[in-house]
Each structure stands twice: as C-alpha cells, then as structure tokens.
Amino acid sequence: MEAGTQVWCYESTGDDPWILSEITARSSDSITLKHASAESDASPSEFTRPLLTTGEGEGTKYEGVELANTPLSEADIEDGADNDMIALQHLHEPAILHAVSERYFRGEIYTWTGPVLIAVNPFQRLPLYTKEILESYRQEGLLRSQNLGNSNQKPLGPHVYSIADRSYRQMMSEQRKSQSILISGESGAGKTETTKIVMLYLTTLGSGSEEVKEENGKLSVMERVLQSNPILEAFGNAKTLRNDNSSRFGKFIELGFNRAGMLQGAKVQTYLLEKVRIGYHGSGERNYHIFYQLLRGATKEQHTKYAFHDGLTGGLELANFFHLTGQGGAPQLREFTDEEGLKYTIKSMRSMGWDEEKIDHVLSIVAGILHLGQVKFESKMSDGGQEVATISDEKVVSDASKLLGVDLEKLKTALTVRIMVTRGDEIHIDLSPDKAADSRDALAKTVYGALFLWVVKQVNNCIMWENDGDIRSSSGVLDIFGFESFAVNSFEQLCINFTNEALQQQFNKF
C-alpha cells in the first residue's frame, strides 16, 4: 500500500460503514489517509491507521483498511465485467457491498458470486420477468445443454431465471439427479417473490406449451401449481415491519418431472408455522392475511352468516375491532387491497377444485377463530375462596362454537377449566381469568394450525402427481422465512433464526 492507493476504511459511526479513502503517506508502523468523497467534509482532513501485520504484496494489513478495486470503465460494464464477483481483483466485505450497490443503482439487482446468485430487493416492479426475457434464458439454457452456444453472442447476465434453468438442465442431464434451489435471506429480502419466479420458470419449461387448460377443460398442471400460491400466502403470510407479504412458515415445493422433462405435479411440505402470531403481533404488523381479507372483503350475506355485526364495533372498522387483528392497528397493504385479496384467494380455491361448501367451511372456521379471540373473562370467587374465570359475554362464545362446528358447553369448558387425568380419574381445575385468556389464545393457535395443515393437504391433493412411477426426477425450491428480531421474540422465532444460521453455514461450506 503506497501513497495514492485507494482503499476502503471502516468507520464505526455514520450510515456507511466503509468509506472510500486515499493513502497520503506511509510510515513503518502506520498509514495516513484522507477521505476520497466530498461527502465526508465533516470528517478530519487526514487520519491514521496503525499497522496490524506485515507480509509480501497484499499481506500487509492495517486496522480497518481494505484495498479498493480499480473502477470499471463503461466498456467493462457493458461487457459485464462485474457480473460475477469472483472476477474482482479484491474480494472482501467492502468490495462486495460496493459492487452490489453499483449494480443495484444501474437497475441490475442480480449478481453472481460463483454458482450462488445474490439478489437485492428493488422494492418496485421492474421489467425483468417478461415472456421475452424468459424465452431468451430458455433458449440460452437449451443451447448450452447441447453444447451449441454461440461464441459470438454475449452471454446473458445474472438472473434468477438462470438459476432455475441450470436446475432444470442438470436434472435432465444424463445422470438425472434431482435438484434443490435454496432461497435464503433476511425478512423483506424478496424470498417469496423469488420463489414464485423460480416456480414460474420451472413450470413453463415443464409444460411444453403455454396452454392454460387441458383437453377436459380442467386447469393444466402448470396453472394448478401456480394457483396454489395465493392460497398458501393467504393462510401463511402476514405483514411485518419489514415486509408486507412475509412468509411466516417455511416450505419446500417439489416439482416432479417425467422422463421427457414434462411437469407431472408438485408437492408442498411446510414447517414452523408462526402460530404465536395468532395471539399477538406488534404495532404496525398484522395477523395472517386471510383474517383481514375476510373482514374487509366479505359480502353483506357473509357478514350476517359469520356474525360480523358492524353496528356493535363502536365506530371501529371490523379489522380494528377484533382482538386478533387489531393489535397492530390493522394497516392496509401497499400493493393490493384485502378486498381484492379475498377475491383472488377464493378464485384460487375454486381453481383447485374446491366447491362452494368447502370454501364456506374454511371461511367459517376463520371467522370462528376471530370470534374466539373476542372472548373475555370476568373474575368471581369460588366456594373455596379461589379466583376463577367466568365468560363475560355468552353470545360471543355461542357465535364461535357455531362457526367452528363444536359443542358450546365443551368449548366453554375448554376455555375455563383445565382437566387432568390421573389413573383414569379426571380432575377439573377452574382457571383464573389470566389463565383462561392464555387457554383461549392456545386454543386459537391450535385450531388455526390444524386448519393450515388441512389447507396444505387439500392443495397437495390437487397438485400432486398421480403415479410415483411417472416421476423420473424432481426440482425442489426451499423457501425459508427470514431472519428477524421482534420486540418480543418467541421460541418459534429462535428456531427460525437458528435455521437461517444453519442454512448460511451451508452456503459457506458450498
């Protein structure tokens, strides 16, 4: 590192941790630097960094200093010199951050780092996923798989389509090895959208055509697989502070293909549904989408059927009136309304082959859970001098029992009494109001968890391949919901974050 060399200097204060600087002088035990950016006028004109280690060439290290890469020319950028960060002369934290940032501000949100694709969420709709672009990556992948690439043609840049195409081509190679695509990142990074884009590409390649319907008038396998997404998102996604459509469960979607590479169906495996969100969510957040879709999108007839009595809310909107949906202020989503969301969800249910009776049963259970959350308890003294809970409003419990399809008296007992069985004998213990509230929330979580698993099972019944013998290989997409730290973190969030750390270690080993 000689005078005039540009380097990155770590700063513990300010918005940018790494500041581009220039070495002005060098001594035996330190270097003197100045910031290269005019934005750093508030910083000292010159500063020093001590020597840490000595070595040949780049082996000499100074505290908080890393060598900067030579700026790319317009011609280099045009040729895609920064498409893959492995090609960078210096590869370290500031170099990676700078390269990804430069590409992001040029509208290039994808960057290779070897076989791994880095994606930066643009938080806007970009024209990167048109049919023409999809077709160009399909054509390039097909030619590459047949060793017929055009040496005179510039390779296509980094894209999630390229990842999906590699998965498909390797799956269809002579070895016929099944593939998995791992999509990981913090909350709000764009994993859910990326999963849908990957599925669209793989199902398009596996469909052989763009036909929507089969000969018998039913939706094609491709369309049925894609139509499963809105249902899973309605029941498993929620708004967090970082993300309006955050997946609050992990899922592995396995797409099965036959020997000819044609899509035969799919299978969804889910895990770690964040059931704690049913009973509590923070300010500015929401419960699962389906609750708000039903409250805001229900027809007048459904309002009556599901006992949504607007006149009893004291002027509050229904979504703010109900306890399970109003804790975070029931904010609206930026991209779409809940009214539109309910129409889209019901349309997807119908495309899955669900009849109106089945759809009504599902929505009735959702409404029943909402009413269950409205149950409040009063305190009274028992004959033994103990404080026990009584239900404040019997009608609320009655509405919940009807919508859930359970016996009223058994529901009241489940909310206010704990039953212990010892040696075949039942011991009934009356709960206090606080314990009864906990019992209510636990019951709501259990019912919703069971409903979610049932919904996933019904989706699988519709999109699953009919005969295992037809499946030659598969391509799976793992969407693990993101690392996040809330004001109050549950054990479930600890499991989620631990899983993300384990996946990151997989990346490091890879």
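Residues numbered from 1 in each chain as written. Predicted model: local features only at pLDDT ≥ 70, side-chain atom pairs only at ≥ 80, totals over all residues. Heavy atoms only, no water.

**Observations concerning the sheet that holds strand E5 (residues 61-62)**
Logical step 1: Strand order in the open sheet formed by six strands is E5-E4-E3-E2-E1-E6, and the pairing between neighbours is antiparallel. Looking at the sheet topology across the chains shown, the edges are occupied by E5 and strand E6 (65-67).
Logical step 2: Sheet strands touched by helix H2 (residues 93-105): strand E1 (6-10), strand E2 (18-26) and E6. Its angle to E2, the strand with the most contacts, is close to 130 degrees. (Pairing = 2+ DSSP bridges. Helix = DSSP H or I, 4+ residues; strand = E, 2+ residues; numbered from the N terminus. Contact = heavy atoms within 4.5 Å. Axes fitted to C-alpha atoms, helices over the stretch in contact; angles between N-to-C directions.)

**Side note on the packing of helix H15 (residues 408-416) against helix H16 (residues 433-463)**
Logical step 1: For the pair H15 and H16, interaxial distance at closest approach is 7 Å and the crossing angle is 120 degrees. Relative to H16, the element H15 is oriented oblique. Within the contact between the two elements, H15 uses Leu411, Ala414 and Leu415 and H16 uses Ala436, Ser439, Arg440 and Leu443.
Logical step 2: Residues that form the contact of H15 with H16 fall into these classes: five nonpolar, one polar and one charged. (Parallel < 35°, antiparallel > 145°, perpendicular 65-115°, else oblique. Nonpolar A, V, L, I, M, F, W, Y, C, P; charged D, E, K, R; others polar.)

**Details of the environment of Trp465**
Logical step 1: Relative to the elements of secondary structure, Trp465 occurs in the loop between H16 and strand E18 (473-479).
Logical step 2: Taking the relative accessible area as the measure of exposure, Trp465 reaches 9% and is therefore buried.
Logical step 3: It is 9.2 Å that separates the C-alpha atoms of Trp465 and Leu255, two residues lying 210 residues apart in sequence.
Logical step 4: Beyond its immediate sequence surroundings of up to four residues, Trp465 is in contact with Glu254, Leu255, Gly256, Gln264, Gly265, Ala266, Lys267 and Ile471.
Logical step 5: Only 2.7 Å separates the side chain of Trp465 from the side chain of Asp468, close enough to count as a polar contact. (Buried < 20%, exposed > 50% of the residue type's maximum accessible area, 1.4 Å probe, protein only. Polar contact = N/O pair within 3.5 Å; in protein donor to acceptor, adjacent residues only side chain to side chain.)

**With respect to the environment of Thr416**
Logical step 1: If you trace the backbone, Thr416 turns up in helix H15.
Logical step 2: For the pair Thr416 and Asp244, spaced 172 residues apart in sequence, the C-alpha to C-alpha distance is 36 Å.

**Focus: the packing of helix H6 (residues 221-236) against helix H12 (residues 338-351)**
Logical step 1: Contact pair H6 / H12: the axes reach a minimum separation of 8 Å and the direction vectors enclose 130 degrees. Relative to H12, the element H6 is oriented oblique. When the axes of H6 and H12 are compared, the crossing they make is left-handed. Packed against H6, whose contacting residues are Gln227, Pro230, Ile231, Ala234 and Phe235, the element H12 presents Tyr344, Thr345, Ser348, Met349 and Ser351 at the interface.
Logical step 2: Grouping the constituent residues of the contact of H6 with H12 by class yields six nonpolar, four polar and no charged. (Left-handed = near helix turned anticlockwise from the far one by under 90°.)

**Some points on the pairing of strand E3 (residues 30-35)**
Two faces make up the sheet, and in a regular strand the side chains alternate between them.
Logical step 1: Across the six residues of E3, five count as buried, placing the element largely inside the fold.
Logical step 2: Of the strand pairs in this sheet, E2 and E3 are connected by five bridges, and their pairing is antiparallel. Residue pairing in the sheet places Arg26 in a bridge with Ile31 of E3.
Logical step 3: In this antiparallel pair of consecutive strands, E2 and E3, the connection spans three residues.
Logical step 4: Sheet topology places E3 next to strand E4 (residues 47-53); four bridges connect them, and they run antiparallel. Directly across from Leu33, in E4, lies its bridge partner Phe47.

**A closer look at empty space enclosed by the protein**
Logical step 1: Inspection of the entire model under this criterion finds one cavity of 30 Å³ or more.
Logical step 2: If you add up the space inside the largest cavity, you get close to 30 Å³.
Logical step 3: Around the largest cavity, the lining residues are Thr192, Thr195, Lys196, Asn229, Glu233, Lys251 and Asp479.
Logical step 4: When contributions to the lining of the largest cavity are tallied by element, the ones reaching two or more residues are helix H5 (191-207) and H6.
Logical step 5: With three residues, the single largest contributor to the lining of the largest cavity is H5.
Logical step 6: Split into classes, the residues belonging to the lining of the largest cavity amount to no nonpolar, three polar and four charged. (1 Å grid on protein atoms, 1.4 Å probe; cavity = no way out; pocket = protein on both sides within 12 Å on 5 of 7 lines; lining within 4 Å. Points joined across faces, edges and corners; volume = space filled by probe spheres on them.)

**Some points on the layout of surface pockets**
Logical step 1: Size it by volume and the second largest pocket reaches roughly 1,300 Å³.
Logical step 2: Elements that contribute at least two residues to the lining of the second largest pocket include exactly E1, E2 and H2.
Logical step 3: No other element matches the eleven residues that H2 contributes to the lining of the second largest pocket.
Logical step 4: For the lining of the second largest pocket, the residue count by class is 23 nonpolar, 13 polar and seven charged.

**Here we look at the nonpolar core**
Logical step 1: With 89 residues, the main nonpolar core has Phe235, Phe291, Phe308 and Tyr448 as its most contacted residues.
Logical step 2: Broken down by element, this core gets its largest block of residues, ten residues, from H16.
Logical step 3: If sequence neighbours within four positions are ignored, Tyr448 has contacts with Ala234, Phe235, Leu273, Ile278, Tyr288, Ile290, Phe291 and Ile369.
Logical step 4: Grouped together as the second largest cluster of nonpolar side chains are ten residues, Val7, Ile23, Ile31 and Phe47 included. (Core = buried A, V, L, I, M, F, W, Y, C linked by side-chain atoms within 4.5 Å.)

**Some points on the packing of aromatic side chains**
Logical step 1: By the definition in use, this model includes 13 aromatic pairs.
Logical step 2: Summarising the aromatic geometry, the rings of Tyr10 and Trp18 are spaced 5.4 Å apart at their centres and angled 65 degrees between planes, so their arrangement reads as edge-to-face.
Logical step 3: Its relative accessible area of 40% is what places Tyr10 among the partly exposed residues.
Logical step 4: For Trp18, a relative accessible area of 16% puts it in the buried group.
Logical step 5: An aromatic cluster of at least three residues, connected via ring pairs, comprises Tyr129, Tyr137, Tyr161 and Tyr201.
Logical step 6: The aromatic ring of Trp112 is capped on one face by Arg166, whose charged end is 4.4 Å from the ring centroid.
Logical step 7: Over the aromatic face of Tyr292 sits the side chain of Arg286, whose NZ or CZ is 4.1 Å from the ring centroid. (Phe/Tyr/Trp six-rings, centres within 6.5 Å; stacked < 30°, edge-to-face > 60°. Lys NZ or Arg CZ within 6 Å of the ring centre and 35° of its normal.)

**A look at the side chain of Lys251**
Logical step 1: Positionally, Lys251 belongs in strand E12 (residues 250-257).
Logical step 2: Owing to a relative accessible area of 4%, Lys251 belongs among the buried residues under this scheme.
Logical step 3: Sequence-distant contacts of Lys251, defined by excluding residues within four places in its chain, comprise Thr195, Val268, Gln269, Thr270, Tyr271, Val477, Leu478 and Asp479.

**Examining the pairing of E4**
Logical step 1: Here E4 runs beside E5; their pairing, made up of two bridges, is antiparallel. Within E5, the residue paired with Leu51 across the bridge is Tyr62.

**Looking at the sheet that holds E12**
Logical step 1: The four strands lie next to each other as E9-E18-E12-E13, forming an open sheet whose pairing is mixed. Of all the strands in the sheet, just strand E9 (179-183) and strand E13 (263-271) have a single pairing partner and so form its edges. Between one strand and the next, the sheet's axes are offset by a mean angle of 15 degrees, whatever the strand orientation.
Logical step 2: Bridging between E12 and E18 involves seven bridges; their strand directions are antiparallel. From the neighbouring strand, Lys251 faces E18, where its bridge partner is Asp479.

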